[in-house]
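Below are the chains, spelled out letter by letter.
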Number of protein chains: 2
Amino acid sequence: MTKLRAHNIAISLDGFATGEDRTFEAPFGHAGQRLMHWFFPTRTFVSGSGHEDEAVGAGTTGLDDDFAKATNVGIGAEIMGRGKFGPQEGPWEDESWRGWWGEEPPFHSPVVVLTHHSRPDLLVGETTFLFRDASPREALTLASEQAGGLDVRLGGGPTVIREFLEADLVDYLHVVVSPVILGRGVRLWDGQEGLEERFDITTTSSPSGVAHIEFTRKLAAP
Amino acid sequence: MTKLRAHNIAISLDGFATGEDRTFEAPFGHAGQRLMHWFFPTRTFVSGSGHEDEAVGAGTTGLDDDFAKATNVGIGAEIMGRGKFGPQEGPWEDESWRGWWGEEPPFHSPVVVLTHHSRPDLLVGETTFLFRDASPREALTLASEQAGGLDVRLGGGPTVIREFLEADLVDYLHVVVSPVILGRGVRLWDGQEGLEERFDITTTSSPSGVAHIEFTRKLAAP
């Protein structure tokens, strides 16, 4: 059974999953590196992909890297919001923007990009971006077909995470609370009051100062 | 040197330190016990005070209790907001309300209650409540005098914590992130953007599911 999993969704103590003033140069806006400071030193990030055969010994191992690494295990496709693909809004003015990730994006699998504005499928390196105007359930159906029996990753941003939580489609959600106060940006939890009742929750702190909080959907009664 | 310390300031993942709809029966409003669920089973809480000579073996020991217990160590006075003393607003209609804690409040030391509405000092058990219309700095001066060389505890609620943070008077802040989403209430962090730059921060997770986050004020350069 394909599961929908969201990993490394970093938030500030005041609940913001991204900052204000996002630009091409600043994917997290004024948050800068403050939400992902625990992630950048990890071997998974440093080695560029998290695929074990590409790890070359650089970067930290340990708890944060274990969480970072899990992001890529058993995943066959991703769903992301348009804001994760790029900072543009409205109709695509041209198709020159090919994502933040250069010519070898770290996905290595199909990525469904949710957008109201159509655009042809885009192959970059080993990753195909499929731009679709779809409901959460439709997007999950498409991504599951693309995943070839593996799980689907829900890549964010926060607005997309919320929509899939509201549709109760999320099986696993890994949130990383970074001990910073951003003050402004996009909040992850708006409209999610009482979410905890639907999940089993585990909290694990890291020497880096973050708390990894895992939400695993409760099994339905047999 | 007297320090100002805030302990056990519990917040939800969306940053609320208390819920909505507080009443005499519901000090945390709609949050109920969800913010303090880790605290109620501790020996410190069960034994009623945290004074070691009153612990009788009931309640949990371990990490959560260690944090709970630290609340009372080396404290000679407390500062609290009126909202922590009671749910009333505006002028005191009468003086029959003597706090939430019955006839033996757990403070055992002077408590400065910040209020714009005057009221005579009130002795309940071993605790004297001093009602004062004072700035954070004035309140700290008064509480420090009362503390007899010991530290002063900043008891909350969130509005009072914020005011003292803004005045940069807080030496130690222990925040407990409870993995629940409240959706509404009073936020702890409003206006505190960038607070982390002034503090050293340590995060410790507990099997109860909460993350204890300690802010210790950075020492000034010599």
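All of these numbers come straight from a predicted model, not from anything done at the bench.

K.L.:
Would you mind going over the side chain of H212 of chain B with me for this structure?
P.N.:
All names here are of chain B. Along the chain, H212 falls in strand β11 (residues 211-217). Polar contacts involving the side chain of H212 include one to the side chain of D64, which spans 2.7 Å. In contact with H212, other than residues within four places in its own chain, are W38, L63, D64, F67, H174, V175, V176, T202, T203, T204 and S206.

K.L.:
Even after reading the chapter, I still don't get the relation of the copies chain B and chain A, so can you show me in this structure?
P.N.:
Superposing the two chain copies requires a rotation about an axis and a translation along that axis. When chain B is fitted to chain A, the best match, at an RMSD of 0.0 Å, comes from turning it 180 degrees and sliding it 0.0 Å along the axis. What the superposition gives is, in effect, a two-fold axis relating one chain to the other. Among all residues of chain B, the minimum C-alpha distance to the rotation axis is found for S205 of chain B, at 2.4 Å. The residues that chain B uses at the interface reappear at the interface of chain A in 100% of cases, marking a shared surface.

K.L.:
Where do I start with the interface of chain B and chain A in this structure?
P.N.:
Think of interface size as the accessible area that goes away when the parts come together; that is how it is often given. Listed by partner, the interface residues are 31 residues for chain B and 31 residues for chain A. Summing both partners gives a buried area of about 2200 Å² for chain B against chain A, and 58% of it is carried by carbon and sulfur. On the chain B side of the interface with chain A, the three residues burying the most area are L13, I181 and E193 of chain B, jointly 30% of the side's total. Applying the counting criterion to the chain B and chain A interface returns 4 salt bridges. The partner of R34 of chain A in a salt bridge is E196 of chain B, and the shortest N-O contact between them spans 3.1 Å. For the interface between chain B and chain A, the tally reads 13 residue pairs in polar contact (both at pLDDT 80 or more). Of all elements in the fold, only β10 (199-205) and β11 of chain B reach the threshold of two or more residues within the side of chain B that touches chain A. At 4 residues, β10 of chain B tops the list of elements feeding residues into the side of chain B that touches chain A. Per-class residue counts for the side of chain B that touches chain A are 14 nonpolar, 10 polar and 7 charged.

K.L.:
Explanation requested: the pattern of salt bridges in the structure shown.
P.N.:
Think of it this way: side chains of opposite charge can pair up when their charged atoms draw near. Residues and elements named next belong to chain A. Tallied over the entire structure, the rule returns 24 salt bridges over all chains. With its nearest N and O atoms 3.2 Å apart, the salt bridge here joins D121 to R132. In this pair, D121 sits in the loop between β4 (111-114) and β5 (122-124) while R132 sits in strand β6 (residues 127-132), placing the two residues 11 residues apart along the sequence. Judged by relative accessible area, D121 falls into the partly exposed class, the value being 45%.

K.L.:
Could you clarify how one ought to interpret the nonpolar core in this entry?
P.N.:
Generally speaking, soluble globular proteins have nonpolar side chains that are buried together. Of all hydrophobic cores here, the largest spans 70 residues; its most connected members are I79 of chain A together with I79 of chain B. Ignoring anything within four residues of it in the chain, the contact list for I79 of chain A reads L4, V112, L114, A139, L140, A143, V152, R153, L154, G155, G156 and F164 of chain A.

K.L.:
Where do I start with the pairing of strand β8 (residues 172-178) of chain B in this structure?
P.N.:
Residues in a regular strand project their side chains so that they alternate between the two faces of the sheet. Residue and element names in this part refer to chain B. By the criterion of burial, β8 is predominantly enclosed, with 7 of the 7 residues buried. Burial along β8 is two-sided: the residues Y172, H174, V176 and S178 and L173, V175 and V177 are all buried. In the sheet, strand β1 (residues 4-12) pairs with β8 via 6 bridges, with the strands oriented parallel. Bridge pairing in β8 links A6 to L173. When β8 meets β11, the two strands line up antiparallel, connected through 6 bridges. Paired with V177 across the two strands is A211, which belongs to β11.

K.L.:
Would you mind going over the sheet that holds β10 of chain B with me for this structure?
P.N.:
Strand pairs in the sheet, formed through backbone hydrogen bonds, run parallel or antiparallel to each other. Residues and elements named next belong to chain B. Across the sheet, 9 strands lie side by side as β5-β6-β4-β3-β7-β1-β8-β11-β10; this open sheet has mixed pairing. Whereas interior strands pair on both sides, the edge strands pair on one side only; in this sheet they are β5 (122-124) and β10. Within the sheet, the average angular offset between the axes of one strand and its neighbour, ignoring direction, is 20 degrees. Pairing of β5 with strand β6 (residues 127-132) involves 3 bridges; the strand directions are antiparallel. Directly across from L122, in β6, lies its bridge partner F129.

Conventions and cut-offs
- Residues numbered from 1 in each chain as written.
- Chains lettered and ligands numbered in written order.
- Predicted model: local features only at pLDDT ≥ 70, side-chain atom pairs only at ≥ 80, totals over all residues.
- Heavy atoms only, no water.
- Helix = DSSP H or I, 4+ residues; strand = E, 2+ residues; numbered from the N terminus.
- Polar contact = N/O pair within 3.5 Å; in protein donor to acceptor, adjacent residues only side chain to side chain.
- Contact = heavy atoms within 4.5 Å.
- Least-squares fit on C-alpha atoms with pLDDT ≥ 70 in both.
- Buried area = accessible area lost by both parts, 1.4 Å probe.
- Salt bridge = Lys/Arg side-chain N within 4 Å of Asp/Glu carboxyl O.
- Nonpolar A, V, L, I, M, F, W, Y, C, P; charged D, E, K, R; others polar.
- Buried < 20%, exposed > 50% of the residue type's maximum accessible area, 1.4 Å probe, protein only.
- Core = buried A, V, L, I, M, F, W, Y, C linked by side-chain atoms within 4.5 Å.
- Pairing = 2+ DSSP bridges.
- Axes fitted to C-alpha atoms, helices over the stretch in contact; angles between N-to-C directions.

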